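The lines below spell out each chain.
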Amino acid sequence: MVLNSFVIIFRTIFCIGLFLISSISWSRVWTTKQGTKSEGELFEVLGDRIGLLIKGREYHFSLSRFIQSDQDYVKRWKMTPRCPACSKALGTRTIEAGGFKYHTSCFSCMVCRSGFKGGDQFRRDAWNGMVHIKHYQFTGLCGTCSRLFVKKNANPKQFFADGRMSCLSCLKDGVFEKNILSEVEKRVWETLTQIGLSKPKGKLSIRLVDRNLLNKEALKINARGNLRGLTLTKYKIVQGGRNSGTTFDHQIYVLYGLPYIECESVLAHEFAHVWLNERFIDSTPPVVEGFCNLVSSEVLEKEKSKLASILLDNLQNNTSLAYGVGYRKMKANLAQKSWPQVLMEMKSKSKPPKIK
Ligand SMILES: [Zn+2]
Ligand SMILES: [Zn+2]
Ligand SMILES: [Zn+2]
Ligand SMILES: [Zn+2]
């Protein structure tokens, strides 16, 4: 009896200890070489990029932009073995799986919440969410960032009427309204004009649409697949008379509800199509789509959120001949040259229609 109560007391003390440890804030002030300060918690180090959690959002920065003492902090942080699920230092109760060491308490299924045991098959997403294969059907997968979430705990708004799904964090940044779309558009043009892409001379309208309408419109130009945006350009050439010249009418369709970072990348891609179309630049799909993705990547490079890094990685790892291989070829070309040169090369492919 005496021994038993001793055990209970010991456990109580242990719990208090745990509580104190978890209540310590890991947040610290980060200072850039330019002197800008922000408070955030380091959660991952990926080569020369670091992930900081700032006001509940995950950002990626290149380490070299921070002062030496911050860089030293990252060096020390990296040396401590950490649990990939919570990024806190590992203690004595750990479990090893798939080359990673987790806290025993973190290594669990997001659906049934029980810890994985030897022989259990599970799936893991890029955000350290883990689920038993047998419970996978109870999770949703974000169409943007591939984050897993538990369906029954989700907000009904995470399920779009056209069948798409979004994680809570992408939904929070979703572009559903015309005025937000205009802000995104402005931000995209800032980057595009910097690299030398001028705004269109013709009429341009942008519509937020659902997947069904987008796919229906896409069939007009025989486009298929997992589309997020689409550009249809009509032109009219008038010869002779007072109205002589060429006029353009561009219609861009973008899926509604994409988080603004993804919406930016889609708009940049479509604006690149508009730029090509107004110059009658036509070439093979790897050249055209590769160029448009290169323009899109320029916009993503400017963004610091973790989502922008993931979308850039998706471009880098895309296996499609047009969107992936074509993009990497364009990127290699740009690395040797400059934007004005790349734009000149594209312009040399211009073939305006001949009128008899
Ligand atoms: Zn952990
Ligand atoms: Zn489970
Ligand atoms: Zn997401
Ligand atoms: Zn395209």
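Residues numbered from 1 in each chain as written. Chains lettered and ligands numbered in written order. Predicted model: local features only at pLDDT ≥ 70, side-chain atom pairs only at ≥ 80, totals over all residues.

Visitor: So what about the overall build of the protein? Which residues, and what values?
Guide: Across its full length, the protein holds ten helices and 13 strands. Taken along its principal axes, the extent of the C-alpha atoms in the protein is 105 × 45 × 35 Å. Across the 356 residues in the protein, those meeting the buried criterion constitute 27%. Considering only residue pairs separated by 6 or more positions, the protein has 52% of its internal contacts joining residues 24 or more positions apart. (Helix = DSSP H or I, 4+ residues; strand = E, 2+ residues; numbered from the N terminus. Buried ≥ 20, exposed ≤ 12 C-beta atoms within 10 Å, placed from the backbone. Contact = placed C-beta atoms within 7 Å.)

Visitor: Tell me about the sheet that holds strand S11 (residues 203–209), and please be specific about residues and values.
Guide: Overall, mixed pairing links the three strands, which are arranged S11-S13-S12 in an open sheet. Single-partner strands in this sheet number two, and they are S11 and strand S12 (229–238). Neighbour-to-neighbour, the strand axes of this sheet turn through a mean angle of 15°, independent of strand direction. With seven bridges connecting them, S11 and strand S13 (residues 245–255) associate as parallel partners. (Pairing = 2+ DSSP bridges. Axes fitted to C-alpha atoms, helices over the stretch in contact; angles between N-to-C directions.)

Visitor: Account for the packing of helix H7 (residues 285–302) against helix H8 (residues 306–317), with residues named and values stated.
Guide: Where H7 contacts H8, the axes come no closer than 10 Å and their chain directions differ by 155°. If you check the angle between H7 and H8, you find them roughly antiparallel. The two elements H7 and H8 meet at a crossing, and its hand is left-handed. The segment H7 lies against H8, with Asn293, Ser297 and Leu300 engaging Ala308, Leu311, Leu312 and Leu315. Split by residue class, the contact of H7 with H8 holds five nonpolar, two polar and no charged. (Parallel < 35°, antiparallel > 145°, perpendicular 65-115°, else oblique. Left-handed = near helix turned anticlockwise from the far one by under 90°. Nonpolar A, V, L, I, M, F, W, Y, C, P; charged D, E, K, R; others polar.)

Visitor: Outline the pairing of strand S1 (residues 28–31), listing residues and values.
Guide: Relative to strand S2 (residues 37–46), S1 runs antiparallel, the two being bridged by four bridges. Along S2, the bridge assignment pairs arginine 28 with glycine 40. Hairpin connection of S1 to S2: five residues between the antiparallel strands, including glycine 35 at a positive phi of 100°.

Visitor: Describe the domain arrangement of the protein, with residues and values.
Guide: Split into domains, the protein comes out as domain 1 (24–79), domain 2 (94–172) and domain 3 (178–347). The straight-line distance from the C-alpha centre of domain 1 to that of domain 3 is 33 Å. Elements with a minimum of two residues in the side of domain 1 that touches domain 3: strand S3 (49–54) and strand S4 (57–62). If you tally residues by element for the side of domain 1 that touches domain 3, the top one is S4, at five residues. Here the residues of the side of domain 1 that touches domain 3 are counted per class, giving two nonpolar, two polar and three charged. (Domains from an automatic or database assignment.)

Visitor: Tell me about the environment of glutamine 316, and please be specific about residues and values.
Guide: The topology assignment puts glutamine 316 in helix H8. Note on glutamine 316: 12 C-beta atoms within 10 Å, which makes it exposed. For the pair formed by glutamine 316 and arginine 328, sequence separation is twelve residues and the distance between their alpha carbons is 6.9 Å.

Visitor: If you had to explain the pairing of S3 to someone new, which residues and values would you point to?
Guide: Both S2 and S3 contribute to a ladder of five bridges, which runs antiparallel. From the neighbouring strand, leucine 42 faces S3, where its bridge partner is leucine 52. Linking S2 back to S3 in an antiparallel pair, the connection comprises two residues, with glycine 47 at a positive phi of about 65°. Here six bridges tie S3 to S4, and the two strands are oriented antiparallel to one another. Looking across to S4, one finds that isoleucine 50 is bridged to phenylalanine 61. Here S3 folds back onto S4 in antiparallel fashion, the turn holding two residues, of which lysine 55 has a positive phi close to 45°.

Visitor: Describe the sheet that holds S3, and please don't skip the residues or the numbers.
Guide: Spatial ordering of the open sheet is given by S1-S2-S3-S4, a layout of four strands whose pairing is antiparallel. Here the strands that pair on one side only, and so sit at the sheet edges, are S1 and S4. Taken pair by pair, the neighbouring strands of this sheet meet at an average axis angle of 55°, ignoring direction. Helix H2 (residues 68–79) rests against S1, S2 and S3 of the sheet, and its axis sits at about 40° to S2. In the packing of H8 onto the sheet, contacts are made with S3 and S4, and the angle to S4 comes to roughly 65°.

Visitor: I'd like a description of the confidence of the model for the protein, backed by residues and values.
Guide: Taken over all residues, the pLDDT of the protein has a mean of 88, while the share at 70 or more is 93%. Predicted confidence is poor over residues 1–24, with pLDDT under 50, and the contacts of this stretch with residues over four places away or in other chains come to zero contacts. (pLDDT = per-residue confidence, 0-100.)

Visitor: Before we move on, could you go through H2 and cite the residues and values that matter?
Guide: For H2, which comprises twelve residues, the first-to-last C-alpha distance of 17 Å matches the rise-based estimate of 16 Å (1.5 Å per residue) to within 8%. The buried fraction of H2 is low, at zero of twelve residues. (Expected span 1.5 Å × (residues − 1).)

Visitor: Would you mind going over the packing of helix H4 (residues 178–195) against helix H6 (residues 260–278) in detail, with residue names and values included?
Guide: The contact between H4 and H6 brings their axes to 9 Å, and the two run at 60°. Taken as axis vectors, H4 and H6 run oblique relative to one another. Between H4 and H6 lies a crossing whose hand is right-handed. Along its contact with H4, which presents Ile180, Val184, Glu185, Arg187, Val188 and Leu192, the element H6 presents Tyr260, Cys263, Glu264, Leu267, Ala268 and Phe271. Per-class residue counts for the contact of H4 with H6 are nine nonpolar, no polar and three charged.

Visitor: So, the environment of glutamine 137: which residues are in play, and what are the values?
Guide: Tracing the backbone shows glutamine 137 in the loop between strand S8 (130–132) and strand S9 (139–141). Judged by the 9 C-beta atoms lying within 10 Å of it, glutamine 137 falls in the exposed class.

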